[in-house]
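If you want the building blocks of each chain, they are given just below.
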Amino acid sequence: MQAEHQALETAIHALHEVAAPDLFALRRLKKRKLQLKDAISRLRSRLIPDLNA
């Protein structure tokens, strides 16, 4: 997941460099990147025990 997240970051950066970026594609990539970030956070949360419990 982290590799895909980094690949999306690279793709988003590349789209920003284009003179006339495809805004729909850019929005879609950013949304997917955010979904991956949330999934990674949830998995990390499961691996780290809650010390307050």
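Provided above is the structure to which this section pertains.
The following refers to the structure shown. (Residues numbered from 1 in each chain as written. Predicted model: local features only at pLDDT ≥ 70, side-chain atom pairs only at ≥ 80, totals over all residues. Heavy atoms only, no water.)

Examining the overall build of the chain
- Helix and strand counts for the chain come out as 2 helices and 0 strands.
- Computed over its C-alpha atoms, the radius of gyration of the chain comes to 15 Å, more than 25% above the 10 Å expected for a compact globule of 53 residues.
- Overall, the chain is about 50 × 15 × 15 Å in size when its C-alpha atoms are taken along their principal axes.
- By residue count, 19% of the 53 residues in the chain fall in the buried class.
- If you sum the accessible surface of the chain, you get close to 4600 Å²; carbon and sulfur atoms cover 58% of it.
- Mean positive and mean negative side-chain charge positions of the chain (10 and 6 charges, respectively) differ by 4 Å. (Helix = DSSP H or I, 4+ residues; strand = E, 2+ residues; numbered from the N terminus. Rg over C-alpha atoms; globule rule 2.2 N^0.38 Å. Buried < 20%, exposed > 50% of the residue type's maximum accessible area, 1.4 Å probe, protein only. Areas by Shrake-Rupley, 256 points an atom, 1.4 Å probe, with all protein chains shown as cover. Lys, Arg positive; Asp, Glu negative; His and termini not counted. Charge placed at Lys NZ, Arg CZ, Asp CG, Glu CD.)

What about the nonpolar core?
- Ranked by size, the top nonpolar core spans 7 residues in total: L8, I12, L15, A25, L26, L29 and L36.
- Residue contributions to this core peak at 4 residues, all from helix α2 (residues 23-47).
- If we skip the residues at most four places from it in the chain, L15 touches P21, D22, A25, L26 and L29. (Core = buried A, V, L, I, M, F, W, Y, C linked by side-chain atoms within 4.5 Å. Contact = heavy atoms within 4.5 Å.)

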